[in-house]
Amino acid sequence: MSEELIPLARPHVGAREEEQVLEVLRSRHLALGPKLPEFERALGASLGAPHVSAVASGTAALHLCIRAAGVRAGDEVVTTPFSFVASANCLLYEGATPVFCDIDRRTLNMDPDAAGAAIAERTTGLLPVHIFGYPADMPAFEGMAGDRGLWVVEDACEALGAVHADGKPVGARGNLATFGFYPNKQLSTGEGGAAISPTGEMQERIDSERNQGRSPDMGWLDHDRLGFNYRLSDLACALGLAQLERLPEMLAARKRAAGLYGEALAGIEGLDLPCPDTGGDRRSWFVYVVQLPAEVDRDTAIRELRARGVDSKPYLPAIHLLSFYRERFGHRDGEFPICEDVTRRSLALPFFPELRESQIERVTAALEQVVESLRVTSQTGLSPKRAL
Ligand SMILES: Cc1ncc(COP(=O)(O)O)c(C=O)c1O
């Protein structure tokens with residue numbers, strides 16, 4: 001293969017990131033230093049949310065948020081099966097049970113009607129996910145939670161920069177919410193995340209629990225509650241600060257790449273593209289995930305794309321059908337038909353802020369070829385190799 005592989009994701013790291021991280025290295029203050037509150041303040045200001053706790057990962061943020069919400073062992077929490085596994089796993093850490101419901105075919109987010117139907121006697125909370133950066137229908141979930149006295153934790157790990165129709169940034173509506181800063185995210189700290197609290201009191205609890213249960217006014221090695229080491233280092237916070245300075249630019253670059261994909265891929269018959277923004281909701285572009293025509297075998301398509309120098313991945317597997325969830329909870333195929341159909345057909349294409357137009361053209365040409373030949377394969381029964 002002569003052409004270089006186009007990777008799935010590639011974080012932006014520029015001179016500013018290097019400068020900020022080097023500054024921390026030179027200061028020798030690598031953890032619990034000044035960059036932590038500085039990053040939290042800057043992130044809070046960009047979101048319009050004052051109570052920000054930077055933590056070790058999006059998963060850590062989810063864990064601390066559900067604890068702050070008051071989850072208990074035996075609780076049931078209604079959530080989506082079309083997500084990264086962490087949004088369900090965090091409930092298991094506390095002995096709660098994720099109760100899945102189907103998703104909306106257009107947005108791929110938890111369907112409010114399905115969520116309403118899944119609420120039962122033991123339900124204590126709702127955990128919607130803003131999947132692929134598209135705002136979940138929070139007004140509907142908030143209404144449902146208000147009527148039934150449920151808590152809400154928003155998994156906004158994939159949605160930094162998204163905006164709801166009412167103008168509120170995703171994650172800043174006054175619910176507990178989480179962000180993730182893994183390198184494929186809109187903003188990266190290497191590993192990292194943030195928990196957004198609606199009140200100073202909740203933030204204090206989260207701040208304390210991320211630091212082994214030590215309250216801000218407590219002395220060295222004094223701990224008055226159970227806690228974890230979910231701290232984010234100053235090196236990571238410095239990286240985050242540099243990335244925040246460029247966030248609008250990086251979001252715009254992602255949006256531009258998505259726009260180019262949208263135009264380029266529109267001609268491939270039977271290919272479903274990510275839904276456009278509707279009713280005032282604004283997506284923050286995290287990944288570019290298409291759904292292949294039903295007759296095209298996705299896993300063969302991934303192999304054939306790779307042979308043409310294009311990296312791609314199934315994105316995402318349904319959580320309830322992961323072996324661990326099947327075994328533990330007895331889930332089976334067919335429970336959530338929309339999620340399962342989307343899951344079978346979904347394919348993440350290379351997507352990052354610096355993706356060039358020429359690379360998008362290469363991905364498009366490869367995808368077009370692969371889809372057409374695999375369509376022929378499915379119609380004729382010829383092996384993919386012969387069809388290609
Ligand atoms: C929807 C969602 N929730 C939670 C997480 C967990 O974040 P992290 O990998 O930083 O722990 C991710 C990260 O990929 C995610 O996409």
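Digging into helix α3 (residues 58-69)
For α3, which comprises 12 residues, the first-to-last C-alpha distance of 16 Å matches the rise-based estimate of 16 Å (1.5 Å per residue) to within 8%. Among the 12 residues in α3, 11 count as buried, and that is most of the element. The residue sitting at the N-terminus of α3 and contributing the capping side-chain oxygen is Ser57; that oxygen lies 3.4 Å from the backbone nitrogen of Thr59. Directly beyond the C-terminal end of α3, a positive phi value near 100 degrees is found at Gly70.

A short note on the sheet that holds strand β10 (residues 346-349)
Taken together, three strands build an open sheet; the order of strands is β8-β10-β9 and the sheet is antiparallel. A single partner strand is all that each edge strand has here, and the edge strands are β8 (288-291) and β9 (313-314). Sheet topology note: the β8/β10 ladder contains four bridges and is antiparallel. Across the sheet, Tyr288 pairs through a bridge with Leu349, a residue of β10.

Re the site of the ligand
Every one of the 13 residues lining the ligand counts as a neighbour, but Gly58, Thr59, Asp155, Glu158 and Lys185 are closest to it. The contact in question runs from an oxygen atom of the ligand to an N or O atom on the side chain of Thr59, over 2.5 Å. A distance of 2.6 Å separates a nitrogen atom of the ligand from a polar side-chain atom of Asp155. Relative to its unbound accessible area of 390 Å², the ligand is 92% covered by the protein chains. Counting atoms within 2 Å of the grid points, the majority share of the ligand lands in the largest pocket. The leading source of residues in the shell around the ligand is α3, at three residues. When its residues are assigned to classes, the shell around the ligand shows five nonpolar, five polar and three charged.

Quick look at the nonpolar core
Nonpolar side chains in soluble globular proteins generally cluster together in the buried interior. Core analysis: the biggest nonpolar cluster contains 46 residues, and Phe82, Leu127, Phe132 and Val153 have the highest contact counts within it. Of all elements in the fold, only α3, α4 (86-93), β5 (151-155) and α12 (337-345) reach the threshold of two or more residues within this core. Considering each element in turn, this core owes the most residues, eight residues, to α3. Among residues more than four places away in sequence, those in contact with Phe82 are Ile103, Leu108, Ile131, Phe132, Tyr315, Leu316, Cys339, Val342 and Thr343. Membership of the second largest hydrophobic core comes to 29 residues, among which are Ala257, Trp285, Ile302 and Val310.

Notes on the sheet that holds β5
Read across the open sheet, the seven strands follow the order β1-β7-β6-β5-β4-β2-β3; overall the sheet is mixed. Where the open sheet ends on each side, the last strands, each with one partner, are β1 (52-55) and β3 (97-100). The average undirected angle you get between the axes of adjacent strands in this sheet is 25 degrees. The sheet contact formed by strand β2 (residues 76-79) and β3 spans four bridges and is parallel. Bridged to Val77 within β3 is Pro98. Seen against the sheet, α4 touches β2, β3, β4 (123-127) and β5 and runs at an angle of roughly 145 degrees to β3. Each of β1, β6 (176-180) and β7 (193-196) is contacted by helix α7 (residues 200-210), which is oriented at about 15 degrees to β1, the strand it contacts most.

Rules used throughout
Residues numbered from 1 in each chain as written. Predicted model: local features only at pLDDT ≥ 70, side-chain atom pairs only at ≥ 80, totals over all residues. Heavy atoms only, no water. Helix = DSSP H or I, 4+ residues; strand = E, 2+ residues; numbered from the N terminus. Expected span 1.5 Å × (residues − 1). Buried < 20%, exposed > 50% of the residue type's maximum accessible area, 1.4 Å probe, protein only. Polar contact = N/O pair within 3.5 Å; in protein donor to acceptor, adjacent residues only side chain to side chain. Pairing = 2+ DSSP bridges. Near = heavy atom within 4 Å. Areas by Shrake-Rupley, 256 points an atom, 1.4 Å probe, with all protein chains shown as cover. 1 Å grid on protein atoms, 1.4 Å probe; cavity = no way out; pocket = protein on both sides within 12 Å on 5 of 7 lines; lining within 4 Å. Sits in = over half its atoms within 2 Å of the grid points. Nonpolar A, V, L, I, M, F, W, Y, C, P; charged D, E, K, R; others polar. Core = buried A, V, L, I, M, F, W, Y, C linked by side-chain atoms within 4.5 Å. Contact = heavy atoms within 4.5 Å. Axes fitted to C-alpha atoms, helices over the stretch in contact; angles between N-to-C directions.

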